[in-house]
Amino acid sequence: MRSFLHLVSALLVFALSAHAASAADAHKLKIGITLHPYYSFVANIVGDKADVVGLIDSHANPHNYTPQPDDMKRVMTMDVLVVNGIGHDEWAFDIVKAAGREKSLKLIYANAEVALIPIAADEGQAKVVNPHTFVSTTAAIQQIFTIAKELGEIDKPNAKFYRDNARAYAQRIRTMKTQFSAQLADVDVASFRCATMHAGYGYLMQEFGLQVAAVIEPRHGVEPTARQLAETIDRIKAANVQVLFAEKYFASKLADTIKDATGVQMYSFSHMSDGDYSPELYEREMRLNLETLVQAMHDVSKKAK
Amino acid sequence: MIVPPRSGKVEATLVALTVVVILAVGGALIKATQVDNFEPRLFGWQISSFYDLNPTDQAIYNALVTASDELWWIWGGRIEFPAPGEEDEPWPSVDSLDQQYNLPPFVKDVQWEQTGRVNWQRIQAFANTGNQDGNSSYFGNGGTVPGQAGAYLLVLTHIHKGASYADGAQMWVHKDPNAPIPKLTKTDSLIANGWKEIIPYNGAVELERLKGIK
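All residue numbers refer to positions counted from 1 along the written sequence of the respective chain. All chains are assigned letters beginning at A, and all ligands numbers beginning at 1, according to the order in which they are written. Local features in a predicted model are, by the rule used here, given only for residues with pLDDT of at least 70; side-chain atom pairs are given and counted only at 80 or more, and totals for whole chains, interfaces and linings are based on all residues.

Draft legend 1. Spotlight on unusual backbone geometry. Pro 105 of chain B follows Pro 104 of chain B through a cis peptide bond whose omega is 5°. Residue placement: Pro 105 of chain B occurs in the loop between helix H3 (94–99) and helix H4 (110–114). Non-glycine residue Asn 64 of chain A carries a positive phi angle of around 55°. What counts as a helix is a DSSP run of H or I of at least four residues, what counts as a strand is a run of E of at least two, and both are numbered from the N terminus. Topologically, Asn 64 of chain A is positioned in the loop between strand S2 (50–54) and helix H3 (69–76). Burial is judged by counting the other C-beta atoms within 10 Å of a residue's own C-beta: 20 or more makes it buried, 12 or fewer makes it exposed, and any count in between marks it as partly exposed, with every C-beta position built from the backbone. On the basis of neighbour count, Asn 64 of chain A is assigned to the exposed category, with 11 C-beta atoms found within 10 Å. Positioned with a positive phi, Arg 117 of chain B is a non-glycine residue whose angle comes to about 50°.

Structure (structure tokens):
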């Protein structure tokens, strides 16, 4: 009899915990994201407490993206959507509107608390906000914190879990940056001068106390006019720029033209908007960018000696 | 029967009218859709993080914004589960922010070197008492980059929201890199001593400008 009671109790406990687990699954938030880094940010914050899905196909180019029918289907199943909101994913608003979810879908504006900076090297012109806040460490951490706080408001029982994960993730990112920073101890950082093909790297440079002397493309994927190019080449020469950072995964003949005209050394950064969505993508691509930056600075330093 | 001479008068008039209509409609559409160069309205003691800070000051300011979140969370953790020695010191020292947390702008890395080697110190830490009023402040001065403000102040204070509190943070700059430690960190005192409050230009402000979303 006693063993029978034990068996019944065990079965009851098993049934209750199975029910609790399935109830938790049933209430799992489905969180949409617009850009690759946001997948990594959200996945590291929520762990197994929520599902993360891309709004658009992971291999689509988020620059000048045209919404597809499948995007509408995906957005219909989401509880929350995390957006850049300041110019890098305007198509997301079209998708939400087309799906009729303007009022029923909670949007988290990842950049709400990020202190914005202008696109570099546009002195003399009206200041334009640089929306590439995710290609960075500190601005990325600010977005991670904002997302964690907002998710904690939506899903209060897991608020502490989200916040603790966000802090641990932020600490990993800061430690990674500190490790690369330490490799520059014997480099004359103050005399390093660079230009970039694309305006996406201003925040990253800021976090190393560097400034971009010139940006080649007036907008992403838009080649400069002959006059703009000539002016940029003059600026690169005048500023004694040593390095041009082009974009990994986007070959450009223009970069070769500038290299030939100015003698700058070429390196490539990741824009973090290509490949499969994954929790590791942001850290992997940021590590590559930091390695590239440190390598470029070491090479310039060696050349100067 | 009188045949009128061939003339382009009617066509010319219609073309001219069409051009006028196109210009009028185009002009109206441009006027309706263009975004003015938006600059926030500020008081005399305030400056914009986007329009008024130079790149060096922006780098320090942006780091302070993110640091303020982390500082409040460190404080909350130490209040809730203090490690030995933390009961009386819930606000971390600058050394701890540098060594333990690698937290910009306090961590002595390349960014710190390049943004003027600012000397940071914790100058106030409000007590862990029931009402939790008062300010906790981190002060930095001695910035060496030409053109940078040179002295900075981060004030962490609880903001009363009805019956509850919210964690708040204000950042200030002083144009004198050798500005002394402020005796008081209340707004009126800082203004009287030449400090300027930095008003954030963040994604929320940009969203309001672009889409009218508040």
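Draft legend 2. Representation of the pairing of strand S7 (residues 243–247) of chain A in the model. All names here are of chain A. Burial runs high along S7: five of the five residues are buried. Here S7 shows a buried face lined by Val 243, Phe 245 and Glu 247 and a second buried face lined by Leu 244 and Ala 246. Bridge analysis of strand S5 (residues 194–196) against S7 gives three bridges, and the strand direction is parallel. For Thr 196, the partnering residue across the bridge sits in S7 and is Phe 245. Only strands that DSSP links by at least two bridges are regarded as paired with each other. Judged from the five bridges that link them, S7 and strand S8 (residues 265–269) form a sheet pairing that is parallel. When the bridges of S8 are listed, Phe 245 appears paired with Tyr 267.

Draft legend 3. Inspection of the interface of chain A and chain B at higher detail. A residue pair is marked as a contact if its C-beta atoms, positioned from the backbone, fall within 7 Å. Counting residues at the interface gives 34 residues for chain A and 31 residues for chain B. In terms of residue count, the dominant contributor to the side of chain A that touches chain B is helix H6 (residues 159–182) of chain A (six residues). In terms of residue class, the side of chain A that touches chain B is built from 18 nonpolar, 10 polar and six charged. Under the convention adopted here, Pro, Cys and the residues Ala, Val, Leu, Ile, Met, Phe, Trp and Tyr are nonpolar, Asp, Glu, Lys and Arg are charged, and Gly plus all remaining residues are polar.

Draft legend 4. Structural context of the sheet that holds S5 of chain A. Residues and elements named next belong to chain A. Overall, parallel pairing links the four strands, which are arranged S6-S5-S7-S8 in an open sheet. Each end of this open sheet is capped by a strand with a single partner; those strands are strand S6 (212–215) and S8. Ignoring strand direction, the axes of neighbouring strands in this sheet form an average angle of 30°. The pairing of S5 with S6 spans three bridges and is parallel. To obtain each axis, a line is fitted to C-alpha atoms, and for helices this fit is confined to the stretch in contact; angles are then taken between N-to-C directions over 0 to 180 degrees.

Draft legend 5. Main features of the nonpolar core. Remark: nonpolar core denotes a set of buried Ala, Val, Leu, Ile, Met, Phe, Trp, Tyr and Cys residues whose joining runs through C-beta atoms within 7 Å. Ranked by internal contacts, the top residues of the largest apolar core, which has 127 residues, are Val 42, Ile 45, Val 82, Ile 144, Ile 147 and Ala 195 of chain A. By residue number, the principal contributor to this core is helix H2 (residues 55–80) of chain B, which donates 10 residues.

Draft legend 6. Region of the structure containing the domain arrangement of chain A. Residue and element names in this part refer to chain A. Here the domain parsing of chain A yields domain 1 (27–179) and domain 2 (185–304). When each unit is reduced to the centre of its C-alpha atoms, the spacing between domain 1 and domain 2 is 25 Å. Opposite the 28 residues of domain 1 that make contact, domain 2 presents 30 residues. Contributions of two or more residues to the side of domain 1 that touches domain 2 are made by helix H2 (36–46), helix H5 (138–154) and H6. The residue makeup of the side of domain 1 that touches domain 2, split by class, is 14 nonpolar, 13 polar and one charged. These domain boundaries are the output of an automatic or database domain assignment.

Draft legend 7. View of H5 of chain A. By definition here, a helix of n residues has an expected span of 1.5 Å times n minus one. Here H5 of chain A is 17 residues long and its end C-alpha atoms lie 25 Å apart, about the 24 Å a rise of 1.5 Å per residue gives. The elements touched by buried residues of H5 of chain A are H2, strand S3 (80–83), strand S4 (106–109), H6 and helix H7 (202–206) of chain A together with H2 of chain B.

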